[in-house]
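Below are the chains, spelled out letter by letter.
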Amino acid sequence: MQKKLYIGTNTKMYKTIRQTVAFLDELGSLTRDIDRNLLELFVIPSYTALDAAARTAQAQAITLGAQNMSWEDEGQFTGEVSPLMLEETGVRLVCIGHSERRHIFGEDDEVENKKVLAALRHHFTPLLCVGETASQKELGIQNEVLRSQLKVGLHDTSPEQARHIWIAYEPVWAIGVGGTPAGVMYASRMHTVIRQTLREIYGGEAGDRIPILYGGSVNNMNARELIQAPDIDGLFIGRSAWDADNFSRIIHDLVDICLIK
Ligand code: 13P
């Protein structure tokens, strides 16, 4: 059976409400020819755009995600957004532990774990992001870093819940302006470490079912090669996806490759 492809973008702190809706509309029309049984297409815009974007996303068969979420349902937490508030917007996916949350806003693995558990409790799909920094890579401890981010971040989740979990491998040194995309061999090795760790946590069958996406300077040149590597089930794209036309070109390329893979 043809494996499903997971392709999506996080628009970070770019795109206003109006820009997000227009982007979803355009992306939806440009990818209408692609069978959504083969493609899980997702967009993770800013919180303020979620409500307005929900209807368009649904009409265009695009899964909508949130960039972050509080682990508390309510309380005195100025500036936080609760899972109950996200439920109202029709969001299905919640990005947890993005490298920018970890490294700019100081979130750690214990915090990510609380968010993963809260997301599952509210029937969202947590997209847990993991990845080593440049200095951890230089020290040669990337495997250990990934293993502990997964073991702590997914602590107390069950193989049954694992059906709803997605993982993104996003090496910190590869992300954003100034980032260097990971080579395919390196990314593939890290995805294998992640897969082995997921098998350890959940057992073979449940661990094998979890999609593992690669993110970090994915572009029109490297996307094809990355998607063909073992254990890379999808791509999580920033800058190269923010123009709907370019994103659609990447998506079509990947779908073509995977159909003949
Ligand atoms: P870039 O593709 O711009 O490096 O961003 C990747 C990312 O952070 C996706 O969440």
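What counts, and at which threshold
Residues numbered from 1 in each chain as written. Predicted model: local features only at pLDDT ≥ 70, side-chain atom pairs only at ≥ 80, totals over all residues. Heavy atoms only, no water. Helix = DSSP H or I, 4+ residues; strand = E, 2+ residues; numbered from the N terminus. Contact = heavy atoms within 4.5 Å. Core = buried A, V, L, I, M, F, W, Y, C linked by side-chain atoms within 4.5 Å. Buried < 20%, exposed > 50% of the residue type's maximum accessible area, 1.4 Å probe, protein only. 1 Å grid on protein atoms, 1.4 Å probe; cavity = no way out; pocket = protein on both sides within 12 Å on 5 of 7 lines; lining within 4 Å. Points joined across faces, edges and corners; volume = space filled by probe spheres on them.

## A short note on the side chain of Thr-133
1) Next: On the secondary structure map, Thr-133 appears in the loop between strand S5 (125-130) and helix H6 (134-138).
2) Next: Setting aside chain neighbours within four positions, we find Thr-133 in contact with His-103, Val-172 and Trp-173.

## Some words on the nonpolar core
If you look at soluble globular proteins, the nonpolar side chains tend to sit buried side by side.
1) Next: Judged by nonpolar contacts, the single largest core of 66 residues is most densely connected at Ile-167, Tyr-214 and Leu-235.
2) Next: Considering every element that reaches this core, the biggest residue donor is helix H11 (residues 244-260), with eight residues.
3) Next: Not counting chain neighbours up to four residues away, the residues in contact with Leu-235 comprise Tyr-6, Ile-7, Gly-8, Leu-213, Tyr-214, Val-218, Ala-223, Leu-226, Ile-227 and Leu-254.
4) Next: Counting residues in hydrophobic clusters, the runner-up holds 11 residues, among them Leu-93, Cys-95, Ala-168 and Leu-213.

## Section: empty space enclosed by the protein
1) Next: Here the structure, examined in full by the defined rule, presents two cavities of 30 Å³ or more.
2) Next: The calculated volume of the largest cavity comes to roughly 40 Å³.
3) Next: Gly-97, Ser-99, Arg-102, His-103, Cys-129, Val-130, Gly-131, Glu-170 and Val-172 are the residues that line the largest cavity.

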